[in-house]
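# Coordinate analysis (summary)
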Amino acid sequence: MNHLIAFALVITMHFSLNEACKPNFVEIHNQLAPGRVLKHHCRGSINEQDKGVKYLKFNETFVIEFSDVSSRRERTVWTCLLSQGDKMEFFFDVQVYRAASIERCGQYRSWTAKSDGIWTRRDRTKPSGHVLNWKKK
Ligand SMILES: *[C@@H]1O[C@H](CO)[C@@H](O)[C@H](O)[C@H]1NC(C)=O
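Residues numbered from 1 in each chain as written. Predicted model: local features only at pLDDT ≥ 70, side-chain atom pairs only at ≥ 80, totals over all residues. Heavy atoms only, no water.

What follows is about the environment of G52. Relative to the elements of secondary structure, G52 occurs in strand β3 (residues 49-56). The class for G52 is partly exposed, based on a relative accessible area of 21%. Along the backbone, G52 and H41 are 11 residues apart, and their C-alpha atoms lie at a distance of 5.5 Å. Leaving out residues up to four positions away in the same chain, G52 has contacts with H40, H41 and C42. (Helix = DSSP H or I, 4+ residues; strand = E, 2+ residues; numbered from the N terminus. Buried < 20%, exposed > 50% of the residue type's maximum accessible area, 1.4 Å probe, protein only. Contact = heavy atoms within 4.5 Å.)

A few words now on unusual backbone geometry. Despite not being glycine, N47 has its phi angle at roughly 55°, a positive value. Secondary-structure assignment places N47 in the loop between β2 (38-44) and β3. Even without glycine at this site, M88 takes up a positive phi of about 50°.

Read these as spatial facts, not as claims about activity.
Written as structure tokens, this is what we have:
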């Protein structure tokens, strides 16, 4: 009888832990300058998800919500081509997220386009840091 209770408890815990798996978020921010547009094209590796070519106005944010897939065969990777400038001549194809070898929950990646480059953070409570410079066509 005790074994049965322990078994039921394990099953219950397993399901409640699964339910507690919060989605992952990638955010793209336009902090270029007032009036400057950020073009972005984000693609996910799983099921060839394609968010299409979109534009963000200054101060706007684009959010991708997803769950990890991580197996021997495939792994969640999100890549966003960011472009800006009068002729969209400044660009960077950024790998904004890559799943680890185990599936994770509640991951957060923030990417901010600024005039001096691309800034990022993984912790909502911390400021972003400069990590990439714009390439020029
Ligand atoms: C952009 O956001 C900042 C901070 O929230 C705000 O002070 C500013 O007025 C905004 N500018 C525009 C053009 O929306």
